[in-house]
Amino acid sequence: MEKIRYAIAGSAGRMGRMLIEAVMQSEDGMLAVALEHADSPFIGKDAGELIGQACGVKITADFAAALSAADVLIDFTRPEGTLEHLQACQQHKVGIIIGTTGFDAVGKAAIEAAASNIPVVFAPNMAVGVNAVFKLLDVAARILNEGYDIEVIEAHHRHKVDAPSGTALRMGEVVAKALGRTLEEDAVYGREGHTGERPASQIGFSTIRGGDIVGDHTVLFAGLGERIEITHKSASRMPYASGSLRAARFLRGRQSGLFDMQDVLGLR
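Residues numbered from 1 in each chain as written. Predicted model: local features only at pLDDT ≥ 70, side-chain atom pairs only at ≥ 80, totals over all residues. Heavy atoms only, no water.

Undergrad: Honestly, the packing of aromatic side chains in this entry has me stumped. Any pointers?
TA: Centre distance and the angle of the planes are the two values used to describe a pair of aromatic rings. Under the criterion given, the structure shown has 3 aromatic pairs. A cation over an aromatic ring shows up here: R254 above the ring of F250, its NZ or CZ 3.9 Å from the ring centre. Here R254 stacks its cationic end above the ring of F259, 5.1 Å away from the centre of that ring. (Phe/Tyr/Trp six-rings, centres within 6.5 Å; stacked < 30°, edge-to-face > 60°. Lys NZ or Arg CZ within 6 Å of the ring centre and 35° of its normal.)

Undergrad: What's the story with the pairing of strand β9 (residues 203-209) in this structure? I'm lost.
TA: Successive side chains on a regular strand alternate, one facing one side of the sheet and the next facing the other. By the bridge criterion, 7 bridges tie strand β7 (residues 149-156) to β9 in an arrangement that is parallel. Bridged to V152 within β9 is F205. Here strand β8 (residues 187-189) pairs with β9 via 3 bridges, running parallel. Residue pairing for β9: V188 is matched across the bridge by G204. (Pairing = 2+ DSSP bridges. Helix = DSSP H or I, 4+ residues; strand = E, 2+ residues; numbered from the N terminus.)

Undergrad: What exactly am I supposed to notice about the pairing of strand β4 (residues 72-75) here?
TA: Burial along β4 is two-sided: the residues V72 and I74 and L73 and D75 are all buried. Here strand β1 (residues 4-8) runs beside β4; their pairing, made up of 3 bridges, is parallel. Residue pairing across strands places I8 opposite I74, the latter belonging to β4. On the question of chirality, the crossover connecting β4 to the parallel strand β5 (residues 95-98) by way of helix α3 (residues 79-92) is right-handed. (Buried < 20%, exposed > 50% of the residue type's maximum accessible area, 1.4 Å probe, protein only. Right-handed = clockwise from strand over helix to strand, strands pointing away.)

Undergrad: Explain the sheet that holds strand β2 (residues 29-35) here, please?
TA: Strand-to-strand pairing in sheets goes through backbone hydrogen bonds, with the strands running parallel or antiparallel. Judged by pairing direction, the sheet is parallel, and its 7 strands sit side by side in the order β3-β2-β1-β4-β5-β6-β12 without closing on themselves. If you trace the sheet from one side to the other, it starts and ends with β3 (59-60) and β12 (257-259), each paired once. Of the strand pairs in this sheet, β1 and β2 are connected by 5 bridges, and their pairing is parallel. Of the residues in β2, the one forming a bridge with I4 is G29. Contacting β1, β2 and β4, helix α1 (residues 14-25) crosses the sheet at an angle of about 165° to β1. (Contact = heavy atoms within 4.5 Å. Axes fitted to C-alpha atoms, helices over the stretch in contact; angles between N-to-C directions.)

Undergrad: I'm lost on the pattern of salt bridges in this one. Help?
TA: Two side chains of opposite charge can pair, provided their charged atoms sit close to one another. Per the counting criterion, the structure on display carries 11 salt bridges. For R249, the salt bridge identified is with D28, shortest N-O distance 2.6 Å. Here the residue R249 occupies a position in helix α8 (residues 238-251), and D28 occupies one in the loop between α1 and β2, the gap between them amounting to 221 residues. For R249, a relative accessible area of 35% corresponds to the partly exposed category. Of the charged contacts in the structure, one is a salt bridge between D149 and R198, with a shortest N-O distance of 3.3 Å. Here R198 lies in the loop between β8 and β9 and D149 lies in strand β7, a separation of 49 residues in the sequence. Each of D149, E151, R191 and R198 takes part in one network of salt bridges that share partners. (Salt bridge = Lys/Arg side-chain N within 4 Å of Asp/Glu carboxyl O.)

Below, the structure is given as structure tokens:
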């Protein structure tokens, strides 16, 4: 079987470098395209040198031209950039793995529309362990459906630009759906001042930003006399990269469709 030809967006960033490392270590994949914005100081440099191993692939800003050499794009950039990349992927019939978070309703609709033309894996978190936690939360919420207050606590590095994280929001969505509720009705994002007594149906979110925390997420079910906590902690970005490659393998041979990591892992 031919190797998967990967394009990496934001290749000089923290996640981009981790993706390059994962692709170069994989037996069934090869780095075909490394992309950066036009004013990046890394344009024209060997992408492999970002991880200390030259590979012959030069970093480019010519996104549309470069995509003709790729089978799939992995994108962990910003919503506005990802949506531009999505258009180019449709033009070149290239699948896309979207790990970017912070999309508004219009952005999400654009991704859904694109999936009628190309295969898309769109997930708030690509790590296999996190997606196992999503499944555990669904089970836990159905069992702890009465008499437990639910709080979602997440922590990330100082550079993260959206809050709460996409993963935290998905955790809240999973719990709310399992309880037959909606996050739009029940979520409260932070508390300050005289808030009054906590409503039983509330799903609270607390956000921490600081240092180089890769990503910690906890869902707390607080009852009378006991607490149940389901936690995932990331020590590096490699789980996100490894999960992205697993998603790319899932897209092999698919012409269109919108999927997430629950589909990739067979957890539906």
